[in-house]
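Below are the chains, spelled out letter by letter.
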Amino acid sequence: MSKLLYIETSPRKDRSASIEVAQSFLSAYEDNDSDNQVETLDLWDFKLPEFDGDTINAKYRVMHGEAPSPEEQAAWETITKITDQFKAADSYLISTPMWNFSIPYKLKHYIDIISQPGLTWSFTPEEGYQGLVTGKSATLILARGGEYSSSAEVAAMDFQRTYLEMILGFIGINDINTILVEPTLTDVESKAGVIVSAKDQATSIASRVK
């Protein structure tokens, strides 16, 4: 038995290619072991706290080993609660569209909340940065209207895959599988083929997730 946190980031729901592929992954994951648990975090239906002055001041106090004010402590406890929810999972599934060559602002907001010193990463002059979320795996389902895989020129415009793989690695998650759903802005038949191929990959990967 394992627990998977599914982070859903498309507001299009039943019209979303990334969600459609993710559903195939989830079905295979649950079929793999009837005791497997899935927690869904829909970022369009989840109140994310503002990363305001009290919160960022608390972050720097943590980094410098200082005591926060009561207001800063309250803000930091909110951040810690959301981060603890993230860390409680054994594995992760993130489905997201590409927006303006990167990721939706809701997902960036969530990442900004959970990427915190002492919670998901640490730093010492001797060892540098160390990820604290270790021994876990992640699967990325990345839908894109265009095609960003055929050449170095188009790959240079892809800040969706590169950012997500980098930030997950930064916090300690290095076992990452990436499924590209591209291109989706094409004719109906071609798009259907793209989605079928991505679903096949998702099903195969999900069957191996522990």
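Preceding this paragraph is the structure being described.
Just so it is clear, the structure is predicted and the values come from calculations on it, not from any experiment. In every chain, residue numbers begin from 1 and rise along the written sequence. Where local features are concerned, this predicted model is filtered to residues with pLDDT of at least 70; where side-chain atom pairs are given and counted, the filter is 80 or more; whole-chain, interface and lining totals use all residues. Side-chain measures here rest on the full set of heavy atoms in the structure, leaving out hydrogens and waters.

Participant: What am I meant to see in the packing of aromatic side chains here?
Facilitator: Two rings from Phe, Tyr or Trp (for Trp, the six-membered ring) form a pair when their centres sit within 6.5 Å of each other. Planes less than 30 degrees apart are called stacked, planes more than 60 degrees apart edge-to-face, and all others tilted. Here the structure, examined in full by the defined rule, presents 10 aromatic pairs. An angle of 15° between the planes, with centres 4.3 Å apart, marks the rings of Phe86 and Tyr92 as stacked. Accessibility assignment for this pair places Phe86 and Tyr92 in one class, buried. Each ring, one from Trp121 and one from Phe170, has its centre 5.8 Å from the other, and the planes form 55°; the classification is tilted. Pair noted here: Trp121 is in strand β4 (residues 121-124) and Phe170 is in helix α6 (residues 161-170), with a separation of 49 residues, a long-range link. Under the scheme applied here, a residue whose accessible area is under 20% of the maximum for its type counts as buried, over 50% as exposed, and between as partly exposed, the area being computed with a 1.4 Å probe on protein chains only. Take Trp121: its relative accessible area is 8%, and that puts it in the buried class. Clustering of aromatic rings is evident, with ring pairs tying together Trp121, Phe123, Tyr129 and Phe170. Under the DSSP-based scheme used, a helix requires at least four consecutive residues in state H or I and a strand at least two consecutive residues in state E, with every element numbered from the N terminus.

Participant: For this particular structure, what's the right way to read the pattern of salt bridges?
Facilitator: Pairs may arise between side chains of opposite charge once their charged atoms sit close together. By convention in these notes, a salt bridge is any Lys or Arg side-chain nitrogen within 4 Å of a carboxyl oxygen on Asp or Glu. The full count for this structure, using the stated rule, is 10 salt bridges. Notably, a salt bridge pairs Asp42 with Lys13, separated by 3.0 Å at the nearest N-O pair. Linking Asp42 in strand β2 (residues 37-42) with Lys13 in the loop between β1 (3-8) and α1 (17-32), this pair joins segments that are 29 residues apart in sequence. We classify Lys13 as partly exposed; its relative accessible area is 28%. Glu72 is the salt-bridge partner of Arg61, the closest N and O atoms lying 2.6 Å from each other. Separated by 11 residues along the polypeptide, Arg61 in helix α2 (residues 53-63) and Glu72 in helix α3 (residues 70-87) bring together distant segments of the chain. Look at Arg61 and you get partly exposed, because its relative accessible area is 28%. Of the residues examined, Glu72 reaches a relative accessible area of 6% and is grouped as buried. Taken together, the shared-partner salt bridges in this structure form one network comprising Glu8, Lys13 and Asp42.

Participant: I keep staring at the environment of Ile111 and nothing clicks. Help me out?
Facilitator: Looking at the secondary structure, you find Ile111 in helix α4 (residues 105-114). For Ile111, a relative accessible area of 8% puts it in the buried group. Sequence separation of Ile111 and Ile167 is 56 residues, and the distance between their C-alpha atoms is 8.4 Å. By definition in these notes, contact holds between two residues if any of their heavy atoms fall within 4.5 Å. When neighbours within four sequence positions are excluded, Ile111 is seen to be in contact with Ile103, Tyr163, Leu164 and Ile167.

Participant: Looking at this structure, I do not really get the side chain of Gln116. What am I missing?
Facilitator: Tracing the backbone through its elements, the reader meets Gln116 in the loop between α4 and β4. For Gln116, a relative accessible area of 0% gives the class buried. Those residues in contact with Gln116 that sit more than four places away from it in its chain are Phe51, Lys59, Trp76, Ile79 and Trp121.

Participant: Could you clarify how one ought to interpret a negative patch on the surface in this entry?
Facilitator: Excluding any residue in a salt bridge, patches collect residues exceeding 30% relative accessible area, merging like charges within 9 Å and nonpolar Val, Leu, Ile, Met, Phe, Trp and Tyr side chains within 5 Å. Accessible areas in this description were obtained via Shrake-Rupley with a 1.4 Å probe; residue shielding takes into account the shown protein chains only. Here the positive residues are Lys and Arg and the negative ones are Asp and Glu; neither His nor the chain ends is included. Lysine's charge is taken at NZ, arginine's at CZ, aspartate's at CG and glutamate's at CD. Taken together, the side chains of Glu50, Asp52, Asp54 and Glu71 define an acidic patch exposed on the protein surface. Inspection of the secondary structure puts Glu50 in the loop between β2 and α2.

Participant: Looking at this structure, how should I read α3?
Facilitator: The periodicity of an α-helix, 3.6 residues per turn, causes residues three or four places apart in sequence to face the same way. Under the 1.5 Å per step criterion, the end-to-end length of α3 is 25 Å for 18 residues, consistent within 8% with the ideal 26 Å. By the burial criterion, the buried members of α3 are Glu72, Ala75, Trp76, Ile79, Thr80, Ile82, Thr83 and Phe86. Those residues of α3 that are buried are in contact with β1, α2, β3 (91-97) and α4. Here the expected length of a helix is defined as 1.5 Å per residue gap, with one fewer gap than residues.

Participant: Quick question: what am I supposed to make of the sheet that holds strand β7 (residues 175-181) here?
Facilitator: For sheets, the rule is that strands pair by backbone hydrogen bonds, running either parallel or antiparallel. Only strands joined by at least two bridges in the DSSP assignment are considered to pair. The strand order across the open sheet built from 5 strands is β2-β1-β3-β6-β7, with neighbouring strands paired in parallel fashion. Two strands in the sheet have a free side with no partner beyond their single neighbour: β2 and β7. Between one strand axis and the next, the sheet turns through 15° on average, direction left out of account. Looking at chain direction, β1 and β3 are connected through 5 bridges and run parallel. Note that in β3 the partner of Leu5 across the bridge is Tyr92. An axis is simply a line fitted to the C-alpha atoms; with a helix, the fit covers only the stretch in contact. Between two such axes, the angle follows the N-to-C directions and lies from 0 to 180 degrees. In this fold α3 packs onto β1, β2 and β3, with an angle of close to 120° to the strand it touches most, β1. Against the sheet, α4 contacts β1, β2 and β3, and its axis sits at roughly 135° relative to β1.

Remember, this is a structural readout, not a statement about activity or role.
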